[in-house]
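# Close look at the chain arrangement
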Amino acid sequence: HPPVSVMRFSYPLVKQLVTGLPAKGALIEALTMHAFEAEDAGGSGIEVSVPPNRYSDAASHWGLAREAAAILGKRLRLPRVVPPTQVVQKSVPVAVAAPRLCQRMTAWYFEGVKIGPSPKWLGQVLEDCGMRPISNVVDITNYVTLETGQPLHAFDFDKMSGGRLIVRRAKQGEHLELLDGTALTLDPSVVVLADAKDALDLGGIKGGCRAEITGKTKRILLTAGNFDGPTIYKTSRRFGVATDASVRFSHSLSEALPPVGLERAAQLMVELAGAKA
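Below you will find a few notes about this structure. (Residues numbered from 1 in each chain as written. Predicted model: local features only at pLDDT ≥ 70, side-chain atom pairs only at ≥ 80, totals over all residues. Heavy atoms only, no water.)

This paragraph deals with unusual backbone geometry. Leaving glycine out, the prevailing phi sign among residues is negative, and the prevailing peptide bond configuration is trans. Look at S252: it is not a glycine, yet its phi comes out positive at around 60°. By the element assignment, S252 lies in the loop between α8 (244-250) and α9 (257-273). (Helix = DSSP H or I, 4+ residues; strand = E, 2+ residues; numbered from the N terminus.)

Taking burial as the measure, the six residues of strand β3 (residues 45-50) include five buried ones, the bulk of the element. Taken together, the six bridges between strand β1 (residues 5-10) and β3 define a ladder with antiparallel strand orientation. By the bridge assignment for β3, F9 is matched with I46. The sheet contact formed by strand β2 (residues 38-40) and β3 spans three bridges and is antiparallel. What sits directly across from E39, in β3, is E47. (Buried < 20%, exposed > 50% of the residue type's maximum accessible area, 1.4 Å probe, protein only. Pairing = 2+ DSSP bridges.)

Time to look at the sheet that holds β2. Strands sit in the order β1-β3-β2 across an open sheet of three strands; the sheet is antiparallel. Looking at strand neighbours, the two that pair on one side only are β1 and β2, the edges of this open sheet. Ignoring strand direction, the axes of neighbouring strands in this sheet form an average angle of 25°. (Axes fitted to C-alpha atoms, helices over the stretch in contact; angles between N-to-C directions.)

Next comes the structure, spelled out in structure tokens:
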């Protein structure tokens with residue numbers, strides 16, 4: 001048997017996505033009999049064992065909803081993603097200088113961001129999935145990752161040097177402090193997201209503290225990329241830094257997914273954080 005990853009899902013969110021979804025116990029039984037081993041995680045959570053060959057398409061609420069709809073003969077009802085149309089005239093240069101390590105990078109700039117608590121429904125989904133709500137902007141990135149399967153990361157734009165983003169190999173001996181305070185010394189085998197001066201995060205794995213989102217953040221650059229799976233896996237193991245994003249990217253996600261996740265997050269940024277895109 002191949003190794004599996006046990007993931008937590010929110011039953012109420014899956015129920016929103018599938019018309020006529022049966023009770024949680026019946027859904028768990030149907031998934032176990034026809035697709036994946038599933039168990040009751042207590043409350044409104046479900047634990048599902050996702051094998052590696054299904055991670056790229058089923059390790060998200062949209063993916064699990066597709067599976068459930070197909071098994072049960074129900075109608076799938078994914079949310080209509082409408083990216084912002086009222087946009088600020090602002091250009092932010094984005095470049096990929098390490099195309100073997102990062103196949104695609106998408107980004108969206110926002111200003112007028114109002115940092116605050118997330119609505120109850122969003123916080124509940126995060127808690128169902130074993131995550132702690134932090135703030136609306138951070139929670140949106142986590143929620144959309146759980147919803148679509150595409151990891152995202154937000155940078156405080158006012159803390160970025162030169163107002164630009166570049167995806168590149170780390171410099172030999174380059175230093176990076178992660179959000180949890182872990183200090184790393186990097187080399188060119190590692191991919192980073194950087195501004196005109198220094199590395200900002202460990203690409204595809206974890207953000208750095210220099211451009212961290214805080215209660216004072218007003219402008220952000222929201223990013224969604226596609227990284228080389230083996231590189232992310234090796235880097236995560238080497239530094240002992242395992243995150244939800246690193247596990248997802250290690251399974252080689254679709255290159256078509258970044259704009260899907262980014263547009264969904266942009267929609268929520270406008271609705272829940274009052275942002276101007």
